[in-house]
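The lines below spell out each chain.
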Amino acid sequence: MSSQIVQSPWQTAALLVARLIFAAAFLMAVTFKFMGMGATAGYIAAAGFPFPLFLAWCAAILEVALVLCFLSGAFFSQAALIAAAYVLFLAFAFHGPSRWAGNQAEFGFFVDHFSFLAGLLFAAVHGPGRVLSLNLGWPGRA
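Reading the values: the criteria
- Residues numbered from 1 in each chain as written.
- Predicted model: local features only at pLDDT ≥ 70, side-chain atom pairs only at ≥ 80, totals over all residues.
- Heavy atoms only, no water.
- Phe/Tyr/Trp six-rings, centres within 6.5 Å; stacked < 30°, edge-to-face > 60°.
- Helix = DSSP H or I, 4+ residues; strand = E, 2+ residues; numbered from the N terminus.
- Buried < 20%, exposed > 50% of the residue type's maximum accessible area, 1.4 Å probe, protein only.
- Expected span 1.5 Å × (residues − 1).
- Arc of directions from axis to C-beta.
- Polar contact = N/O pair within 3.5 Å; in protein donor to acceptor, adjacent residues only side chain to side chain.
- Contact = heavy atoms within 4.5 Å.
- Axes fitted to C-alpha atoms, helices over the stretch in contact; angles between N-to-C directions.
- Left-handed = near helix turned anticlockwise from the far one by under 90°.
- Nonpolar A, V, L, I, M, F, W, Y, C, P; charged D, E, K, R; others polar.
- Patch = residues over 30% accessible without salt bridge, like charges linked within 9 Å, V, L, I, M, F, W, Y side chains within 5 Å.
- Areas by Shrake-Rupley, 256 points an atom, 1.4 Å probe, with all protein chains shown as cover.
- Salt bridge = Lys/Arg side-chain N within 4 Å of Asp/Glu carboxyl O.

## Description of the packing of aromatic side chains
Okay, so step 1: Enumeration according to the criterion identifies 16 aromatic pairs in this entry.
Okay, so step 2: Pairing Phe22 with Phe70 gives two aromatic rings, centres 5.4 Å apart and planes at 35 degrees, and the pair type is tilted. Here Phe22 is found in helix H1 (residues 9-35), whereas its partner Phe70 is found in helix H3 (residues 52-72), with 48 residues between them in sequence. Take Phe22 and Phe70: they sit in the same class, and that class is buried.
Okay, so step 3: A centroid spacing of 5.2 Å and a plane angle of 65 degrees characterise the contact between Trp100 and Phe110, whose relative ring orientation is edge-to-face. Linking Trp100 in the loop between helix H4 (76-95) and helix H5 (105-126) with Phe110 in helix H5, this pair joins segments that are 10 residues apart in sequence.
Okay, so step 4: Under the relative-accessibility criterion, Phe110 is labelled buried at 8%.
Okay, so step 5: Every member of this aromatic cluster is reached through a ring pair, and the members are Phe22, Phe26, Phe70, Phe76, Tyr86 and Phe116.

## What to know about H5
Okay, so step 1: Between the first and last C-alpha of H5 there are 33 Å, a value that for 22 residues agrees with the 32 Å anticipated at 1.5 Å per step.
Okay, so step 2: Burial in H5 covers these residues: Glu106, Phe110, His113, Leu117, Leu120, Ala123 and Ala124. Each buried residue of H5 lies within a common arc of 130 degrees when the element is viewed along its axis, so the set occupies one face. Opposite the buried face of H5, at more than 90 degrees from it, the exposed residues are Ser115, Phe122 and Val125.

## Observations concerning the side chain of His95
Okay, so step 1: Mapped onto the fold, His95 is located in helix H4.
Okay, so step 2: Judged by its relative accessible area of 13%, His95 falls in the buried class.
Okay, so step 3: At a separation of 2.5 Å, a polar atom in the side chain of His95 contacts the side chain of Glu106.
Okay, so step 4: Beyond its immediate sequence surroundings of up to four residues, His95 is in contact with Tyr43, Leu90, Trp100, Glu106, Phe109, Phe110 and His113.

## Structural notes on unusual backbone geometry
Okay, so step 1: The phi angle at Phe51 is positive, at roughly 50 degrees, despite the residue not being glycine.
Okay, so step 2: With respect to the secondary-structure elements, Phe51 resides in the loop between helix H2 (37-46) and H3.
Okay, so step 3: In this structure, Phe75 takes a positive phi of about 50 degrees despite not being glycine.
Okay, so step 4: Positionally, Phe75 belongs in the loop between H3 and H4.

## Points about the packing of H3 against H4
Geometrically, a packed helix pair is captured by the angle between its two axes and the distance between the axes.
Okay, so step 1: In the contact formed by H3 and H4, the axes pass within 9 Å of each other and the chain directions differ by 140 degrees. Seen along the crossing, H3 lies across H4 with a hand that is left-handed. Listed contacts from H4 to Ala59, Leu62, Glu63, Leu66, Cys69 and Phe70 of H3 are Phe76, Ala79, Ala80, Ile82, Ala83 and Tyr86.
Okay, so step 2: Class assignment of the residues belonging to the contact of H3 with H4 gives a composition of 11 nonpolar, no polar and 1 charged.

## What to know about the side chain of Thr40
Okay, so step 1: Tracing the sequence through the fold places Thr40 in helix H2.
Okay, so step 2: When neighbours within four sequence positions are excluded, Thr40 is seen to be in contact with Phe32, Lys33 and Ala56.

## Re a nonpolar patch on the surface
Okay, so step 1: A grouping of Phe34, Leu53, Trp57, Ile61, Val64 and Leu68 is seen on the molecular surface, where their side chains present a nonpolar patch of about 590 Å² in accessible area.
Okay, so step 2: The greatest single-element share of the nonpolar patch, amounting to 5 residues, is contributed by H3.
Okay, so step 3: Topologically, Val64 is positioned in helix H3.

The following block contains the structure:
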């Protein structure tokens, strides 16, 4: 008896669209970083972090890696977990409670990160799907 789960065409399409959305979100973020690394460093410095230019480059490199993982399906679950931790960090570091009094919109930005976080956690559990996916990652998981 085979234990493989058969995916319907709509499930396959939904997984591919979700992967493209995740990749697009991080691709837009890294594109803005590359277009204005100094501005990104300034934003990081304004949040109180040391070595802002170094951290901006680290963020850009991480985001490029996430885009590649989401598009290819390689190390997808691990990438989704790392992205979830990164998004949670960004929510608190740049849109956390200390910023709500000065700008009410910051609360909305903060909450938006949690819907993205939920999607990333769901993706980490369910993986990239079988279509257009390298399926590298957890040992023993097909």
